[in-house]
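Working through the structure, step by step
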Amino acid sequence: MSTVLKDIKKNFKRGNSLTKLIYINVGVFLITSILHVLSFLFMVNSLEFLNYFTLPASISHFIKKPWSIITYMFLHQNFIHLLFNMIWLYFGGQIFLSFFDNKKLISTYILGGISGAILFIISFKLFPVFGSIQLESYLYGASASVLAIFIAIATKSPNYSIRLFFIGNIILKHIAFFFVLLNFLNIPYGNPGGCIAHLGGAFFGYLYVKQLN
């Protein structure tokens, strides 16, 4: 066990910013999962602890835990949620680092997540449909940050061609358009706040590269 931990620590130190982001997300997921198991065994409500790190839609709740605008983007609901985000983070991050440096990857991840969080909070204050659920709504997950990275590279090199399994060659701007459209059309279904936050991250990724250019 100690050897595994030493290897992880070594890989984390030697890795680039993409490796570090993935390790942090996976590490946070393992810690929260262990806490969930312990809370089940000892009959303790782990959600009360985790709620300190999720982003509330209510401004009055957010003021009491402003750090959640950062911490929410490293939390995931379950393994599938984590897996898909990390696959797209790795996939998009590798291409991103072929155009930009490590610091810009970190800043795009963090600021993209913050942009998603801001749009999330604003939308719950702006649209009447969220009025009755504002106090009970929270945001968590790296999706806004991941989409910011992906839209950034699609903006930088829209005709960059990649090969996807079962699909073949496809250019980045088509993938980016599909993800943005999918999140917009999915707003009325299941996770409207999350979809709006994803669009906030995408918007930042686009503006960020335009400003760099």
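An account of the accompanying structure is given in this report.

Thresholds applied
- Here the residue index of a chain counts from 1 through its sequence in written order.
- In keeping with the model being predicted, local features are shown solely for residues with a pLDDT of at least 70 and side-chain atom pairs are shown and tallied solely at 80 or more, while totals for entire chains, interfaces and linings include all residues.
- Note: side-chain values were computed over all heavy atoms of the structure, leaving out hydrogens and water.
- Think of it this way: any DSSP run of H or I at least four residues long counts as a helix, any run of E at least two long counts as a strand, and we number them from the N terminus.
- Using a 1.4 Å probe on the protein chains alone, a residue whose accessible area is under 20% of its type maximum counts as buried, one over 50% counts as exposed, and one in between counts as partly exposed.
- Contacts were defined at the residue level, with two residues in contact if any of their heavy atoms lie within 4.5 Å.
- For a helix, the expected span equals 1.5 Å multiplied by the residue count minus one.
- Fitted lines through C-alpha atoms serve as axes, helices being fitted only where they are in contact, and the angles separating the N-to-C directions of these axes extend from 0 to 180 degrees.
- An angle counts as roughly parallel when it lies under 35 degrees, as roughly antiparallel when it exceeds 145, as roughly perpendicular when it falls between 65 and 115, and as oblique in every other case.
- Residues are sorted three ways: Asp, Glu, Lys and Arg are charged, Ala, Val, Leu, Ile, Met, Phe, Trp, Tyr, Cys and Pro are nonpolar, and all the rest, Gly among them, are polar.
- Put plainly, a pocket is an open set of points on a 1 Å grid over the protein atoms alone with protein on both sides within 12 Å along at least five of seven lines, a cavity is a set where a 1.4 Å probe fits but cannot get out, and a lining residue has an atom within 4 Å of a point.
- Grid points are joined across faces, edges and corners, and a volume is the space filled by probe spheres set on the points.

Bringing the environment of Tyr 72 into the picture now. Tracing the backbone shows Tyr 72 in the loop between helix 5 (68-71) and helix 6 (79-96). Among the residues examined, Tyr 72 registers a relative accessible area of 1% and is labelled buried. C-alpha separation for the pair Tyr 72 and Thr 19, spaced 53 residues apart in sequence, amounts to 19 Å. With near-sequence residues (within four places) excluded, Tyr 72 lies in contact with Phe 53, Thr 54, Leu 55, Gly 113, Gly 116, Ala 117, Leu 139, Tyr 140, Gly 141 and Ala 144.

The end-to-end C-alpha distance of helix 6 is 25 Å, a good match for the 26 Å that 18 residues give at a rise of 1.5 Å each. The complete set of buried residues in helix 6 reads Leu 82, Asn 85, Met 86, Leu 89, Gly 92, Gly 93, Ile 95 and Phe 96. Buried positions along helix 6 lie against helix 2 (17-41), helix 7 (102-126), helix 8 (143-156), strand 3 (161-164) and helix 9 (172-185).

Looking at where Thr 54 falls in the secondary structure, it is placed in the loop between helix 3 (47-50) and strand 1 (55-56). Residue Thr 54 is classed as buried on the basis of its relative accessible area of 5%. When neighbours within four sequence positions are excluded, Thr 54 is seen to be in contact with Lys 65, Ser 68, Tyr 72, Leu 75, Tyr 138, Leu 139 and Tyr 140.

Turning next to the packing of helix 2 against helix 6. Close contact between helix 2 and helix 6 brings their axes to 10 Å; oriented N to C, the two are set at 175°. Considering their axes alone, helix 2 and helix 6 lie roughly antiparallel with respect to each other. Facing Leu 18, Leu 21, Ile 22, Asn 25, Val 26 and Phe 29 of helix 2, the residues of helix 6 in contact are Phe 79, Leu 82, Met 86, Leu 89, Tyr 90, Gly 93 and Gln 94. Residue composition of the contact of helix 2 with helix 6, grouped by class: 10 nonpolar, 3 polar and no charged.

For the rest of this paragraph, the subject is the layout of surface pockets. Size it by volume and the largest pocket reaches roughly 750 Å³. Together, 27 residues line the largest pocket, and His 81, Ser 143, Asn 191, Gly 194 and His 198 are the ones closest to its centre. Every element with two or more residues in the lining of the largest pocket is listed here: helix 6, helix 7, strand 2 (138-139), helix 8, helix 9 and helix 10 (192-212). Per-element accounting of the lining of the largest pocket gives the leading share, 5 residues, to helix 10. Considered class by class, the residues forming the lining of the largest pocket number 15 nonpolar, 12 polar and no charged. Taken together, 15 residues make up the lining of the second largest pocket; nearest its centre are Leu 47, Leu 50, His 76, Gln 77 and Tyr 140. Of all the secondary structure elements, the ones that give two or more residues to the lining of the second largest pocket are helix 2 and helix 3. When the residues that make up the lining of the second largest pocket are grouped by side-chain class, the tally is 6 nonpolar, 9 polar and no charged.

All quantities given are derived from atomic positions and should not be read as evidence of function.
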